[in-house]
Amino acid sequence: MAILVLGGAGYIGSHTVFELIEAGRDVVVADNLVTGFRAAVHPKARFYQADIRSHEQMDALFEKEPIDGVIHFAAFSQVGESMANPLKYYENNLWGTTALLQSMVAHGVDKIVFSSTAATYGEPERIPILETDQTRPTNCYGETKLAMEREMSWTERAHGLRYVALRYFNACGAHRSGRIGEAHDPETHLIPLILQVPNGKREKISVFGGDYPTKDGTCVRDYIHVSDLAQAHILAMDYLMDGGKSDVFNLGNGVGFTVKEVIDVARKVTGHPIPAELCPRRAGDPAQLVASSEKAKQILGWKPNYADLETIVASAWNWHKAHPNGFGENV
Ligand code: UFG
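So, here is what we can say about the structure in this document.

Cut-offs used in this document
- Here the residue numbers are simple positions, counted from 1 along each chain's written sequence.
- It should be noted that, the model being predicted, local features are given only for residues of pLDDT at least 70 and side-chain atom pairs only at 80 or more, the latter also being counted only at that level, while totals for whole chains, interfaces and linings use all residues.
- Each side-chain value is derived from all of the structure's non-hydrogen atoms; neither hydrogens nor water enter the calculation.
- Only C-alpha atoms enter the line fits that serve as axes; for helices the fit covers just the stretch in contact. Angles between N-to-C directions range over 0 to 180 degrees.
- Here a strand is any run of E in DSSP of at least two residues, a helix any run of H or I of at least four, and the numbering for each starts at the N terminus.
- The labels follow the angle: roughly parallel below 35 degrees, roughly antiparallel above 145, roughly perpendicular from 65 to 115, and oblique for the rest.
- By convention the crossing between two helices is left-handed if the near helix lies anticlockwise of the far one by an angle smaller than a right angle, and right-handed if it lies clockwise.
- Throughout, a residue-residue contact means that at least one pair of heavy atoms, one from each residue, lies within 4.5 Å.
- Gly is put with the polar residues, along with every residue not named as nonpolar or charged; the nonpolar set is Ala, Val, Leu, Ile, Met, Phe, Trp, Tyr, Cys and Pro, and the charged set is Asp, Glu, Lys and Arg.
- Proximity is defined per residue: any heavy atom of the residue falling within 4 Å of a molecule or strand makes that residue near it.
- Polar contact is the term for a pair of N or O atoms within 3.5 Å; when the atoms are in protein, one must be able to donate a hydrogen and the other to accept it, and sequence-neighboring residues count only if both atoms are side-chain atoms.
- Only the protein chains shown count as cover for residues, with accessible areas throughout obtained via the Shrake-Rupley method and a probe of 1.4 Å.
- The rule is simple: take the accessible area with a 1.4 Å probe, protein chains only, and divide by the maximum for that residue type; under 20% is buried, over 50% is exposed, in between is partly exposed.
- Strand pairing requires that DSSP identify at least two bridges connecting the strands.
- An expected span of 1.5 Å times one less than the residue number is assigned to each helix.
- This arc is taken over the directions from the axis of the helix to the C-beta atoms.
- Two cysteine sulfur atoms make up a disulfide if the distance between them is within 2.5 Å.

**Topic: the packing of helix H8 (residues 259-270) against helix H10 (residues 309-322)**
At a minimum axis distance of 9 Å, the contact between H8 and H10 shows a crossing angle of 60°. Between H8 and H10, the crossing angle belongs to the class labelled oblique. Where H8 crosses over H10, the two elements pack in a sense that is right-handed. Contacts between H8 and H10 involve Val262, Val265, Ala266, Lys268, Val269 and Thr270 from the first element and Leu309, Glu310, Val313, Ala314 and Trp317 from the second. A breakdown of the residues in the contact of H8 with H10 according to their chemical character gives eight nonpolar, one polar and two charged.

This is how it looks when you write it as structure tokens:
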């Protein structure tokens, strides 16, 4: 039986495919290559260029391949873009998931692990954030992810499909092989933007806001290595295959770093001075987001292997310095 990875050419999806293949699993990847890269797909995975919104394409895939469970990453994920173009997010993230669930139900595929986000919480009530804390998204991206979670829950009631929603905090780093890493176009994430400076692609890094109520005035985030996230998806799929009940889990390291601290770590790792410029706040940024991942540790048996920020940034730098242009064309 095979695992179908939707969005397996994207950043977190491609890393999960690598971990699945290395664990000896049979893997099928579907990706429409709108934001993903064909070059990021592990050569041992069977690749389909397909869109989750197409019943025709997804039905054909479910008929051809012996799919036992689905890991679903196929979504847009830029907070700023979701505010400027919310309907693009509803159309892809929510309608795409609806069409996917219809195909899964029609073909009797009843297990799904999917990407949710810390953005489902909005401004946190407390730090660290627990899964039971209030969810009040402050952006459309988080709203669509929360709606996906709710949609899964109603689908379970009616059709018996079980799901695990994984609420990621700040994914970063790159695969230990150096073969795949983080590439977005346009890039908006802090660590790849910082590393563009030593790579000669950017003169300085902008620090968005220096007046937050944090220890140095800059935002605090919980940075979690992409390979640790990937392992959590495998554990979650095994949990569902063993009969586990539908659930929601946070995934983070439980330690917060300020933007200035991340820049300092990157200076140490790269040996480059990395000039930084203080800029106004970016709209919609909560001051602090730090996860409690105790539930994932207890129920899924998850344990991050890259808990140290220096190791995480070093793995990102290992990929970025060898691939200053990312994957190049997304063909
Ligand atoms: N930042 C800068 N300068 C930059 C880029 C980012 O100072 O050039 C700051 C941001 O203001 C933020 C921190 O660095 O305080 C991290 O920003 P990222 O854009 O890397 O990540 P976010 O925390 O905004 O977003 C992440 C995920 C989203 C998810 C969100 C949950 O990338 O998918 O967490 O709030 F929705």
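**Side note on the site of the ligand**
Among the 21 residues in the neighbourhood of the ligand, the closest are listed as Leu190, Ser206, Arg221, Arg282 and Asp285. For the ligand, an oxygen atom lies 3.3 Å from a polar atom in the backbone of Thr188. Protein burial of the ligand: of its 690 Å² of free accessible surface, 91% is covered by the chains. Put simply, the parts of the chain that give the shell around the ligand at least two residues each are helix H6 (190-195) and strand S8 (205-208). Class assignment of the residues belonging to the shell around the ligand gives a composition of twelve nonpolar, six polar and three charged.

**Section: the pairing of strand S5 (residues 111-117)**
Most of S5 is tucked away: seven of the seven residues are buried. Side-chain alternation along S5 places Lys111, Val113, Ser115 and Thr117 on one buried face and Ile112, Phe114 and Ser116 on a second face that is also buried. Pairing of strand S4 (residues 67-72) with S5 involves three bridges; the strand directions are parallel. Residue Ile71 lies in a different strand from S5, and its bridge partner there is Val113. When S5 meets strand S6 (residues 162-168), the two strands line up parallel, connected through seven bridges. Bridge assignment links Ile112 to a residue of S6, and that residue is Tyr163.

**Some details on the side chain of Ser246**
With respect to the helices, strands and loops of the structure, Ser246 is situated in the loop between helix H7 (226-241) and strand S11 (247-251). A distance of 2.9 Å separates the side chain of Ser246 from the side chain of Glu156, its partner in a polar contact. One polar contact links the side chain of Ser246 to the main-chain amide nitrogen of Tyr163, over a distance of 3.0 Å. If sequence neighbours within four positions are ignored, Ser246 has contacts with Glu156, Leu161, Arg162 and Tyr163.

**Some thoughts on H8**
Two residues of an α-helix separated by three or four positions point the same way, owing to the 3.6 residues in each turn. End to end, H8 covers 17 Å across twelve residues, agreeing with the expected 16 Å (1.5 Å per residue, within 8%). Within the span of H8, buried status applies to Val259, Val262, Ile263, Val265, Ala266 and Thr270. Burial along H8 is one-sided: seen end-on, the buried residues are contained in an arc of 160°. In the core, the buried residues of H8 are packed alongside H6, S8, strand S10 (223-225), strand S12 (257-258), strand S13 (276-279) and H10. Following H8 by one or two positions, Gly271 has its phi on the positive side, about 75°.

**Thoughts on the sheet that holds S12**
Pairing in this open sheet of three strands is mixed, and the strands run S12-S9-S14 from one edge to the other. Because the sheet does not close on itself, it has two edges, and the strands there are S12 and strand S14 (288-289). The pairing of strand S9 (residues 220-221) with S12 spans two bridges and is classified as antiparallel. Within S12, the residue paired with Arg221 across the bridge is Phe257.

**Quick look at the state of the cysteines**
Applying the stated criterion across every chain yields a total of zero disulfides. The cysteine Cys219 is free of any disulfide, with Cys279 supplying the nearest cysteine sulfur at 13 Å. Assessed through its relative accessible area of 4%, Cys219 is described here as buried.

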